[in-house]
Amino acid sequence: MAGNAPAWELLDAAAAELSAMQPDIRGSVHPQATVAGVLQLGEGSSVLPGTVIEGHVRIGRNCTVGPHAYIRGCTVIEDNCRIGHAVEVKSSIIRCGTSVAHLAYVGDSILEEDVNLGGGCICSNFRHDAGNIRMPHGGVLTESGRNKLGCVIGAHSRIGCNCTILPGRILPPHTTTRPGSVV
């Protein structure tokens, strides 16, 4: 899982680190993509046409992003990831070997290694009543102090297409969901 720190602290630490980074493009950014922020892009990675990157974003080696993806906030996408067509990722950590299929949303979340998020999935980060989000930590449901916080999906999980994962949920490693599930 995401370590001993609560997920929201890991997201905050990543944001603090990214806010100090400098641009470094070693992969390819298509001329019809837009970078309106600070991007670090690893060797062998491609940002495809129509993709928009805003904020402070680090994308590792051998990744494909897009086409028409929207990556914003302070986001880390580690090596060997695939962020598909029309995917939005906001202020999240996507670990090595993870694939986020087309038409998905990942907000303020952590997807551990080798996760497959099916097409049309939503990792929701906001309660409809705008209240602060609680998340399990150390066996206790803990107040995060945040009104935007998504989920943590454990390594080697397979999330079926059109699933919705509600804010503050933690899915253990090797989780499999059926298509259309609400977690």
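Parameters and conventions
Residues numbered from 1 in each chain as written. Predicted model: local features only at pLDDT ≥ 70, side-chain atom pairs only at ≥ 80, totals over all residues. Heavy atoms only, no water. Pairing = 2+ DSSP bridges. Helix = DSSP H or I, 4+ residues; strand = E, 2+ residues; numbered from the N terminus. Salt bridge = Lys/Arg side-chain N within 4 Å of Asp/Glu carboxyl O. Buried < 20%, exposed > 50% of the residue type's maximum accessible area, 1.4 Å probe, protein only. Phe/Tyr/Trp six-rings, centres within 6.5 Å; stacked < 30°, edge-to-face > 60°. Lys NZ or Arg CZ within 6 Å of the ring centre and 35° of its normal.

A. Broad picture of the sheet that holds strand 15 (residues 116–117). One open sheet accounts for seven strands, arranged 2-4-6-9-12-15-20; its pairing is parallel. Looking along the sheet, the strands with just one partner apiece sit at the ends: strand 2 (28–29) and strand 20 (158–159). As paired strands, strand 9 (residues 82–83) and strand 12 (residues 99–100) are joined by two bridges and run parallel to one another. Its bridge partner being in strand 12, R82 is matched across the sheet by S99.

B. Structural detail: the pattern of salt bridges. Applying the stated criterion across every chain, the model contains 11 salt bridges. D12 is the partner of R146 in a salt bridge, and the nearest nitrogen-oxygen pair spans 3.0 Å. With R146 in the loop between strand 18 (140–143) and strand 19 (152–153) and D12 in helix 1 (residues 7–19), this residue pair connects regions lying 134 residues apart in the sequence. The class of R146 is buried, set by a relative accessible area of 18%. Linking E78 and R95 is a salt bridge whose minimum nitrogen-to-oxygen distance equals 3.0 Å. Taken together, the residues span a long stretch of sequence, with E78 in the loop between strand 8 (74–77) and strand 9 and R95 in the loop between strand 11 (93–94) and strand 12 at a distance of 17 residues. Among the charged side chains, a salt-bridge network with shared partners connects D12, K90, D108 and R146.

C. Quick look at the packing of aromatic side chains. With the rule as written, the count across this model stands at zero aromatic pairs. Positioned over the ring face of F126 is K148, at 5.5 Å from the centre of the ring.

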